[in-house]
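Below, each chain spelled out in residue letters.
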Amino acid sequence: MLSFKGNDLFIENVKLASLAKKFGTAVFVYSKSQILSNFKAYQDGLAKREGLICFACKTNSNQTILKILSKAGAGADVTSGGEIFRCLKAGFEPSKIVYAGVGKTDEEIEYALKNKIFMFNVESIEELYAIDKIAGRLKTKAKIAFRINPNVNPHTHKYITTGKEGTKFGIAYKAVVSAYILAKKCPNIVVIGIHSHIGSQILEIEPFKIAAQKIKNLVDEIEKNGIKIEYIDCGGGIGIEYEKSQKAPAPNQVMNAIFAIFGKDKKFIFEPGRSIMANAGHLLCKVIYRKNSGGQSFLITDAGMNDLIRPSLYQAYHEILPVKKTNAKKVKTTVVGPICESGDFMGNDRMLPILAQGEYLLITCAGAYGAAMSSQYNSRPLLPEVLVENSKIQLIKKRASYNDLLLNEVSKL
Ligand SMILES: *Cc1c(COP(=O)(O)O)cnc(C)c1O
């Protein structure tokens, strides 16, 4: 929901330059309408099928954003006890929470069981036994799916490839059927599904299809052993168009390709994260200084890798837009942050107009894995977050203070 009106860039009906003046920079800005329309695409994709759209809340776990999605009917895909806590606080029904993660601790498992979440996506046999034991102690039953590793290459960055042999995720393909047979013998475990999440920022339909076919083959084998698989949890991973040259599949294209592989009796879970939040949020920042060095032209902004780590961590591309159109000459520019690391950049070799000090830039599509992955590195207080709907503006997270930097530190000196 970004558009130019005259020379000014707007998010919905709010001028970005006015947000920068009101809240200071750097600041994350979100479009509520974009979040809701992204979510609706998944809900519509389910159509008449029974199932759940579980928002992968690790992408953005701000309470207001979680509340918007829980009110819209979303479930939640969580990866830690802390995320269960946030989701319950935001009003998600426990019966719509699914819990993945390779390293669930006893404390987290107990917390999840006490709060009656819907399903554990179990990633190892040792975890299965831990859940069985804790459920027994609490005199309850744990509903599970195994997260399986279908050994599919999703053609994405290696740090966000999760469904290939040799990654730490899921149960190795060959060991899946025997894992289900072991689970059947656990007195406090109820098998209800099968889960796979093959990676993130996937721009092709084919890897999802291949994974679904492999899951279907497993389900047939598992059911031959008298174990009923009710839910097919297909994970998340659909990519978004960070660059104009990219083309992301629509949710219903991926969903229909998966539905076609299974019978009508199955229920489905999808766990979108990035495709709900990425293009609904942006990082608004300011040019502090300009300089030329070694033939390179640099813009130094007040947003750094501690605020948005994706370029540094994954060599990710984010389009960078001045919030005011100008006729100034465009030059090849490297946009960097103020952090004391050479890896601290927002974009290399971008054709940008020559800007003045104090002008604003928008680092686009930073709504997923932006604020959620930010840190206080270099003792930079966490950024504020602002939600826009139409022409309404709401501060949904305050800018942290210097005092906040010392929170929880204990000093006896
Ligand atoms: C991260 C994650 C997701 C969300 O992935 P996106 O690429 O953001 O859609 C879904 N499921 C699991 C298990 C995850 O770890």
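Calculation criteria
- Residues numbered from 1 in each chain as written.
- Predicted model: local features only at pLDDT ≥ 70, side-chain atom pairs only at ≥ 80, totals over all residues.
- Heavy atoms only, no water.
- Helix = DSSP H or I, 4+ residues; strand = E, 2+ residues; numbered from the N terminus.
- Buried < 20%, exposed > 50% of the residue type's maximum accessible area, 1.4 Å probe, protein only.
- Contact = heavy atoms within 4.5 Å.
- Near = heavy atom within 4 Å.
- Polar contact = N/O pair within 3.5 Å; in protein donor to acceptor, adjacent residues only side chain to side chain.
- Areas by Shrake-Rupley, 256 points an atom, 1.4 Å probe, with all protein chains shown as cover.
- Nonpolar A, V, L, I, M, F, W, Y, C, P; charged D, E, K, R; others polar.

S.K.: Would you mind going over the environment of Ile 68 with me for this structure?
M.R.: Along the chain, Ile 68 turns up in helix H3 (residues 63-71). For Ile 68, a relative accessible area of 10% gives the class buried. Each C-alpha atom of the pair Ile 68 and Lys 32 lies 8.1 Å from the other, and the pair is 36 residues apart in sequence. The contacts of Ile 68, once residues within four sequence positions are left out, are Lys 32, Ile 35, Leu 36 and Leu 387.

S.K.: Just checking my understanding: could you explain the environment of Ala 257 for this structure?
M.R.: As for its placement among the helices and strands, Ala 257 is situated in helix H9 (residues 251-259). Relative accessible area serves as the criterion here: at 15%, Ala 257 is assigned to the buried category. Along the backbone, Ala 257 and Ala 41 are 216 residues apart, and their C-alpha atoms lie at a distance of 15 Å. The contacts of Ala 257, once residues within four sequence positions are left out, are Ile 205 and Lys 209.

S.K.: Please explain the site of the ligand as it appears in this structure.
M.R.: Around the ligand, a shell composed of 16 residues is seen, among which Lys 58, Ser 200, Glu 271, Arg 274 and Tyr 369 lie nearest. Between the ligand and Lys 58, the relevant distance is 2.7 Å, taken from an oxygen atom to a side-chain nitrogen or oxygen of the residue. With respect to the ligand, the backbone of Gly 273 contributes an N or O atom lying 2.9 Å from an oxygen atom. Taken by itself the ligand offers 390 Å² of open surface, and the protein chains cover 95% of this. Its residues placed into classes, the shell around the ligand shows 4 nonpolar, 7 polar and 5 charged.

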